[in-house]
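These are the residues of each chain, in order.
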Amino acid sequence: MWDLELDSVVAEARTAFESGKTRGFEWRKSQLEALLRLLQEKEDEMCKVLEQDLGKHRVEAYRDEVGALIKTLDNALLNLKKWMSPEPVSLPLIAFPTVAEIVSEPLGVVLVFSSWNFPLGIALEPLIGAIASGNAAVLKPSELAPATSDLLASEVPKYLDSETIKVIQGGPQVAEQLLELKWDKIFFTGSARVGHIVMTAAAKHLTPVTLELGGKCPAIFDSLKSPRDKKVAIERVAGGKWGSCLGQACIGIDYLLVEEKYAATLVELLKEVIKEFFSNSEHLARIVNKHHFQRLCDLLQDQSVADSIVHGGSVNPEKLFIEPTILLDPPLDAEIMTEEIFGPLLPIITLKKIEDSVKFIRARPKPLVIYGFTNDEKLRKRIIEETSSGCIVFNDALIQYMCETIPFGGVGQSGFGQYHGKFSFDNFSNRKPVARRSFILELSFRYPPWNAKKFQLIRHILHFDYFGFVLCLLGLKRQNYRFSVECW
Amino acid sequence: MEGKTSNEVFNREKAEATVKELRQSFRAGKTKTYEWRAAQLEGIARLIKEKESEITQALRSDLAKPEMESYLHEISLAKSACLFALKNLKKWMKPEKVPAAITTFPSSAQIVSEPLGVVLVISAWNYPFLLSIDPVIGAIVAGNAVVLKPSEIAPATSELFAKILPEYVDSSSIKVVEGGVPETTALLEQKWDKIFYTGNGKVGRIVMAAAAKNLTPVSLELGGKSPVLVDSDVNLKVAVKRIAVGKWGCNNGQACIAPDYIITTKSFAPQLVEALKVTLERFYGKNPLESADLSRIVNLNHFKHLTDMLDEENVSDKIVCGGQTDEKQLKIAPTLLLDVPHDSLIMKNEIFGPLLPIVTVDKLEDSFEIINSMSKPLAAYVFTKNKKLEQEFLSNVSAGGILVNDVALHLANLYLPFGGVGESGIGAYHGKFSFDAFSHKKAVLSRGFAGEAGARYPPYTPEKQWILKGLINGSIVALFLALFKRF
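- Looking at an unreviewed UniProt entry, one finds chain B named Aldehyde dehydrogenase, with Rhynchospora pubera as its source organism.
- UniProt's Catalytic activity (unreviewed entry) comment on chain B is quoted here verbatim: "an aldehyde + NAD(+) + H2O = a carboxylate + NADH + 2 H(+)".
- Taken from UniProt, the Sequence similarities (unreviewed entry) comment for chain B reads in full: "Belongs to the aldehyde dehydrogenase family."

- The name given to chain A in an unreviewed UniProt entry is Aldehyde dehydrogenase, with Rhynchospora pubera as the source organism.
- Note on chain A: under the UniProt heading Sequence similarities (unreviewed entry), the record states "Belongs to the aldehyde dehydrogenase family."

Below, the structure written as structure tokens:
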């Protein structure tokens, strides 16, 4: 059922953009400040909806979503003027007297699709980029996180300029209708399956897209000499697997790779940390809905997979909760090892030598991130040079999300396009080169009718042979290039 | 050598086999080394030097391109792209150290550029040498294996590539596939790590839709109607020469960044038209159809597309200069038209030929509405000495690139990104932008094990929340506590 109101909402955003109101520094600053106020004033409400939608503990909600957004906004506000100023470009002497710069301008009206696992963070993080670069924006939050979607729909218009920043709620039908319209950019976070649909729709209008997808993010766990290092590493692995949205994170650790002789120790250490951190399930998120809960349970149905469980495995359908579960060497062709898990099941795959992890990873689609817990410089070098992923993090997990100086995005099956920090600003901008020439210094040999002498002059100039150029100009150089006869 | 030979057709199986071979080559790590990349670039530089006259000949055959244009716009630009890449290769390949954020303290970060893998370059017919070799140079410099599909509408250049490129580069990683729609379709069905397409919007959509099947990123270098705003305060003689050479000196207007139409004031138009007429005669003589300095129209199809524009009712009577055509030679003279209807074919579609409509307005500020009523072009030009008008132009006109007081030159500058926006395309290249277009910028974040923030982990307490809040707000106290407090 085509919703005409939707069309008119988007049309309003376009008219508002064309009026030029989003382009000035003041407007952008005011919107970012308003968003900051929204996060600060509605922190309680936000944590509450995240708890409703995903069972996130308040501290997790703050750390991963509200707080992360505040950091992004602080950084954007601090740097906005700098990001907006044209970049001078130095040109070679031959271009004299040309002056050039690269001017960033907004693309226009952009569409942001958010995912359900970080329904606040992944909705607002791209929106911040869109606003900072001067665009009008339509945000479609995920309908699978309904409380957050409702909150965004009700609060964003109260704080932000509702003519230019719109929140449109709904499911696949609404998304489909939005995709029929012409946008100047589409930013999508979600699964590869829907990523295909988004990009195919975008192709009809030649709309550039950014696809933030997922993948099976491996963590290579090397032997670490110091017990303290080992403990910290295990804590980070545990945090990186279960601490954020109960494993339902695109950059969450999907599976571990470890040398077989260390596997048993690793399992024991993990069990200890699970006990220390996650005994109280109130401090863990839950599975988003029945569909995903069932999907995860189904992963354990296969007998050979179930047999490989060495810790956990219990599920609570009423609470949509699955406890942190460790599996040791499930079959590599089982679905748990071929599909992105997106849940609290952690397969540990053992290898003869840890260096084999490089080959293992290379044989599989490129993930969003590869984690390497190792102090071995040689292994690190091999990971960097022989694997490909959106990013690599050594000795920690998830934390790259908070580092706004590095680009965040995938490659291959994990997507394309990057954001965070200035990368967000650039993602939603058209970087337009502007070159200025003056009327003095006119080179007559640029113009037809052409002849051998003009040709010779051009050749000198383009070879940076200024001396030869001058000689030729003065008629002192013998023409050693013949124009081919046909030309005359 | 791939492509159409007497009985072979380049079909899906052959396309699959080609990609498979390239993928094996890429996975073996061959294309990633500095040595390989430098060797390929040196090979291309040699090709350009040694085969200059063959290239010029092919361009003359395909487009009757004057030798000067072949040199200026294709050969020399290809050469400088190649040499610039060779000069900067080592620097570009080095990882870029970046500061790490305080929220991840202590950590170190860098951005490593890595090749995307196996890429497809589909070239256009109007600068068939340059628009093939330039993206291929970009693909190589970034360490990829590459298939080049030159345009079949410039068959002599396409054949030349198929014949000579394998002699100068590593043909296990760089291949040429010739052909038209069926061959291109077969190629587009394969999985690529990037597709780089130069051409028109209609095919651009097909390319992007095909890429979507494999989530392949694309660069689309398309076209549009590049406007030229001309103010009356300029040095008219110089301005007109620059406009003329940018229009008719660039493949007789068949260039994506050639001026498509002029906008000027009603009062200035007569002077502008006169100046253009004088310049055109000086450049191309009294019988431009006989000038050796004008390219011909590429083929009959395109010739008809242009004559249809000229023959339209209410348009043919607006010709103020030129209008001569010769179907047998596929030549059209430089033609000026004054105030054609806004809804005419010539004003609705990208002209891509030697017809130059002049649109007049009462005051120049009125031109922005006209320009913005059309889709965003690849380039936009303004001739003025008035800083205010210049600034308004910059702020109001969105285009791939803007040049003030000249035409087309920015494309020759390797320090400026070259690409479109909106209907004129996605992505940019030239110089380092080419390297970036074919690379994945991989962030590498390293942390040590010292300084563990126990506040990150459950069981959560209000105190942990306080510390996390402080960390996020950049509080040094919180950072101190975060790092050293044991829970």
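## A look at the UniProt feature "domain: Aldehyde dehydrogenase" (unreviewed entry) in chain B
Then, number 1: Those residues carrying the UniProt feature "domain: Aldehyde dehydrogenase" (unreviewed entry) are residues 11-444 of chain B in this numbering.
Then, number 2: Split by type, residues 11-444 of chain B is 43% helix and 19% strand. Its first and last C-alpha atoms lie 41 Å apart.

## What to know about the state of the cysteines
Then, number 1: In total, this model carries zero disulfides over all chains according to the counting rule given.
Then, number 2: With no disulfide of its own, A:C217 lies closest to A:C250 among cysteine sulfurs, the gap being 7.3 Å.
Then, number 3: Given the relative accessible area of 0%, A:C217 is considered buried.
Then, number 4: For the unlinked cysteine B:C321, the closest cysteine sulfur is that of B:C250, found at 18 Å.

## Some details on the sheet that holds strand β7 (residues 218-221) of chain B
Residues and elements named next belong to chain B.
Then, number 1: Read across the open sheet, the six strands follow the order β5-β4-β3-β6-β7-β18; overall the sheet is mixed. Lying at the two open borders of the sheet, with one neighbouring strand each, are β5 (174-176) and β18 (425-426).
Then, number 2: Against the sheet, helix α5 (residues 130-141) engages β3 (118-122), β4 (145-149), β5 and β6 (194-198), with an angle of about 170° to β4.

## Some thoughts on the packing of helix α2 (residues 25-41) of chain A against helix α6 (residues 146-159) of chain A
Residue and element names in this part refer to chain A.
Then, number 1: For the pair α2 and α6, the least separation of the axes is 9 Å and the interaxial angle reads 130°. Here α2 lies oblique to α6, going by the angle between them. Note that α2 runs across α6; the crossing there is right-handed. For the pair formed by α2 and α6, the contact residues are A34, R37, L38 and E41 on the first element and E155, V156 and Y159 on the second.

## A word on the UniProt feature "active site" (unreviewed entry) in chain B
Residues and elements named next belong to chain B.
Then, number 1: Residues annotated by UniProt as "active site" (unreviewed entry) correspond here to E221 and C256. Separation in sequence by 36 residues is not matched in space for these annotated residues, since their most distant C-alpha atoms are only 8.9 Å apart.
Then, number 2: Topologically, E221 is positioned in strand β7.
Then, number 3: A relative accessible area of 3% places E221 in the buried class.
Then, number 4: Ignoring sequence-local partners within four residues, the contact set of E221 consists of F196, Y197, T198, G199, F418, G419, S424, G427, A428 and Y429.
Then, number 5: With respect to the secondary-structure elements, C256 resides in the loop between α9 (236-247) and β9 (261-265).
Then, number 6: Setting aside residues no more than four positions away along its own chain, C256 makes contact with N126, L222, G223, S226, E350, F352 and L378.

What counts, and where the lines are drawn
Residues numbered from 1 in each chain as written. Chains lettered and ligands numbered in written order. Predicted model: local features only at pLDDT ≥ 70, side-chain atom pairs only at ≥ 80, totals over all residues. Heavy atoms only, no water. UniProt positions renumbered as here; feature names shortened; annotations may be inferred. Helix = DSSP H or I, 4+ residues; strand = E, 2+ residues; numbered from the N terminus. Disulfide = S-S within 2.5 Å. Buried < 20%, exposed > 50% of the residue type's maximum accessible area, 1.4 Å probe, protein only. Pairing = 2+ DSSP bridges. Contact = heavy atoms within 4.5 Å. Axes fitted to C-alpha atoms, helices over the stretch in contact; angles between N-to-C directions. Parallel < 35°, antiparallel > 145°, perpendicular 65-115°, else oblique. Left-handed = near helix turned anticlockwise from the far one by under 90°.

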